[in-house]
Amino acid sequence: MKTAEIAQRYLDYFEKNDHTIVPSASLVTDDPSLLFTVAGMVPFIPYLTGVVPAPYPRAADVQKCIRTNDIEEVGHTARHGTFFQMLGNWSFGDYFKEGAISYAWELLTSSESEGGLGFAERDLWVTVYQDDDEAAELWQKIAGLPVERIQRLGREDNYWSTGQPGPAGPCSEIYFDRGPAYGREGGPAVDDNRFTEIWNLVFMQYAITNVRSKIDFDIIGDLPAKNIDTGMGLERVAFIKQGVDNMYETDQVRPVLDRAVELSGRRYGADHEDDVRFRVIADHVRSSLMLLSDGVTPANDGRGYILRRLMRRSVRAMRLLGVDAPTFPELFAASRDAMKDAYPVVETDWQRISQYAVAEEETFLRTLAAGSTILDLAVEDTKKTGGSTLSGPEAFLLHDTYGFPIDLTLEIAEEAGLSVDRAAFDSLMLEQRNRAKADAKSRKRAFADQSVYRDFRAHGETVFTGYTDLETESRVL
Ligand code: ATP
Ligand code: MG
Ligand code: MG
Ligand code: MG
């Protein structure tokens, strides 16, 4: 079942059940506290919080999402993309728990010939919030699930709030069991590789106050209008339905991976580290394509910095696969062809998109070339003086002035038989970050959570920290 077909089945099912089908919002949000649309709920927040009356009681959509906080997972887990599509259905004061559970279960388990997704009931597990007896009972009643396949988890895992006074409520998640080849028995509470989360149902039923953290607050009482918010990962369903090992091997992503394989002359499936690189490239190229198509352009801060980081990580991964020449024209074209049916703009706007991609790759390859020359000289000097370690300040200078990533410095030094004083490098990085933070603090901030912007802005023009920093963005889920 192709990815597009799964999306269509989802929309058809909810349309048949009286949901208004809403087009995907842009990856770029109107909400200044969020860098990107990180979940299907983002465009619906005004309706969910009651700030704006919902124009329809029920809606369903396929929402484009970017989650940079999953970037380190990409290629390592089977299920995390920096770009992915979230299928969602919504009730604004209309149906509640029973409806949400019934719809989800029916769509997942009804046969393909009936328009369903054809999951076998024995492969599905669910989790509920520990005190949510109502949800647990509904799962037994509606799905006939035995109690041992309904696991109870705490607030950390199964509760939703914005971290602000307002709506909140328990979640219930649906998991697919990939079987013993993928890990341990015992359900999602035990192993999240074998038991892959596919669908998250959020039951917004309480009003909360005295919010001390996202999971520590006081419940005032029931919301006058209870809402349903759900999110199902399209790529996750796709890799399961397509019988492949992970989301990077699905029909919308795999063609990029295959092109990278061709360009590198290496094989996919022969070496674990290479395989991770192939998957990272497939993911990041697609995410970059989609960001460019939503109008984001490479920059040293904010959204453009995320895009730049994704593209540079792809270049870097190709280089580690032995390719020094430009590859973006081919990789991006492969991604365009895989995505154009779902998002025609990647083709109609191809001229503009590819210009940015090609220019960014050229610039970064030049940076790499310039940094390599400086690094080669430093290596030579160190060797001449009988040393075996490249100093921290040298590595920092390369990073800070030439935008030369530390992992590349480490790799090249190692090839030359040298080590790098990593501790000294790290402490220089820390000093710089603290300076940046102090600087940022002294400036007035307009919004509550601007940590991502702050770090990026503070790094200024020439600094590229994408290989050493793990930023998390403000999220609502
Ligand atoms: P996980 O625990 O696997 O990281 P999550 O709990 O962070 O997932 P939610 O925030 O509940 O995910 O998002 C709803 C659904 O969106 C998930 O059930 C999953 O199917 C999908 N999803 C979430 N993050 C990703 C991602 N990075 N790539 C692909 N699909 C995702
Ligand atoms: Mg997650
Ligand atoms: Mg989860
Ligand atoms: Mg979840």
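Residues numbered from 1 in each chain as written. Chains lettered and ligands numbered in written order. Predicted model: local features only at pLDDT ≥ 70, side-chain atom pairs only at ≥ 80, totals over all residues.

For the chain, an unreviewed UniProt entry supplies the name Alanine--tRNA ligase and the organism Microbacterium lushaniae. Heading Sequence similarities (unreviewed entry) of the UniProt record for the chain holds this comment: "Belongs to the class-II aminoacyl-tRNA synthetase family." Word for word, the UniProt comment on the chain under Catalytic activity (unreviewed entry) is "tRNA(Ala) + L-alanine + ATP = L-alanyl-tRNA(Ala) + AMP + diphosphate". (UniProt positions renumbered as here; feature names shortened; annotations may be inferred.)

Enquirer: Which parts of the structure should I look at to understand the overall build of the chain?
Expert: The helix and strand tally for the chain stands at 16 helices and 11 strands. Rg of the C-alpha trace for the chain: 24 Å, near the compact-globule value of 23 Å for 477 residues, within the 12% margin. Overall size of the chain, expressed as C-alpha extent along the three principal axes, is 75 × 50 × 45 Å. Buried residues in the chain amount to 45% of all 477 residues. By sequence separation, contacts in the chain at least 24 residues apart represent 70% of the contacts at least 6 residues apart. (Helix = DSSP H or I, 4+ residues; strand = E, 2+ residues; numbered from the N terminus. Rg over C-alpha atoms; globule rule 2.2 N^0.38 Å. Buried ≥ 20, exposed ≤ 12 C-beta atoms within 10 Å, placed from the backbone. Contact = placed C-beta atoms within 7 Å.)

Enquirer: Just to check I follow, could you spell out unusual backbone geometry for this structure?
Expert: In terms of backbone geometry, most residues other than glycine have negative phi values and most peptide bonds are trans. One non-glycine residue with positive phi stands out, namely D18, at about 65°. Mapped onto the secondary structure, D18 falls in the loop between α1 (3-16) and β1 (20-22). Non-glycine residue N210 carries a positive phi angle of around 45°. With respect to the helices and strands, N210 occurs in strand β8 (residues 195-213).

Enquirer: Looking at this model, I keep getting lost on the environment of I306. Mind explaining?
Expert: Structurally, I306 is set in helix α9 (residues 302-320). Residue I306 is classed as buried on the basis of its C-beta count, with 27 C-beta atoms lying within 10 Å. In this structure I306 touches L35 and T68, once residues within four positions along its chain are discounted.

Enquirer: Even after reading the chapter, I still don't get helix α10 (residues 328-339), so can you show me in this structure?
Expert: What sets the pattern is the α-helix's 3.6 residues per turn: residues three or four places apart point alike. With 12 residues, α10 should cover 16 Å at 1.5 Å per step; its first-to-last C-alpha distance of 16 Å lies within 8% of that length. Regarding α10, the residues found buried are F328, L331, F332, A334, S335, R336, A338 and M339. Where the residues of α10 are buried, they touch α7 (254-264), α8 (272-293), α11 (345-348) and α12 (350-384). (Expected span 1.5 Å × (residues − 1).)

Enquirer: What exactly am I supposed to notice about the domain arrangement of the chain here?
Expert: Along its sequence, the chain is organised into domain 1 (3-241) and domain 2 (253-459). Summarising the inter-unit geometry, the C-alpha centres of domain 1 and domain 2 are found 32 Å apart. (Domains from an automatic or database assignment.)

Enquirer: Can you walk me through the environment of N17 in this structure?
Expert: Here N17 lies in the loop between α1 and β1. Judged by local crowding, N17 falls into the partly exposed class, with 16 C-beta atoms found within 10 Å. Residues N17 and A59 lie 42 residues apart in sequence; the distance between their C-alpha atoms is 9.9 Å.

Enquirer: What exactly am I supposed to notice about the nonpolar core here?
Expert: Across soluble globular proteins, you tend to see nonpolar side chains buried next to one another. Membership of the largest hydrophobic core comes to 111 residues, with the highest contact counts inside it found for A104, W139, V256, A260, I281 and A282. Once residues lying within four places of it in the same chain are set aside, the contact partners of A260 are F278, I281, A282, M318, L321 and L331. Core analysis: the next-biggest nonpolar cluster, separate from the first, contains 13 residues, F396, I412, V420 and F425 among them. (Core = buried A, V, L, I, M, F, W, Y, C linked by C-beta atoms within 7 Å.)

Enquirer: Help me out: how do you make sense of the pairing of strand β5 (residues 150-153) in this one?
Expert: A regular strand places its side chains on the two faces of the sheet in alternate fashion. Bridge count between strand β4 (residues 124-129) and β5: 4 bridges; the pairing is parallel. By the bridge assignment, T127 is partnered in β5 with Q151. What joins β4 to β5 is helix α4 (residues 133-143), and the crossover it makes is right-handed. (Pairing = 2+ DSSP bridges. Right-handed = clockwise from strand over helix to strand, strands pointing away.)

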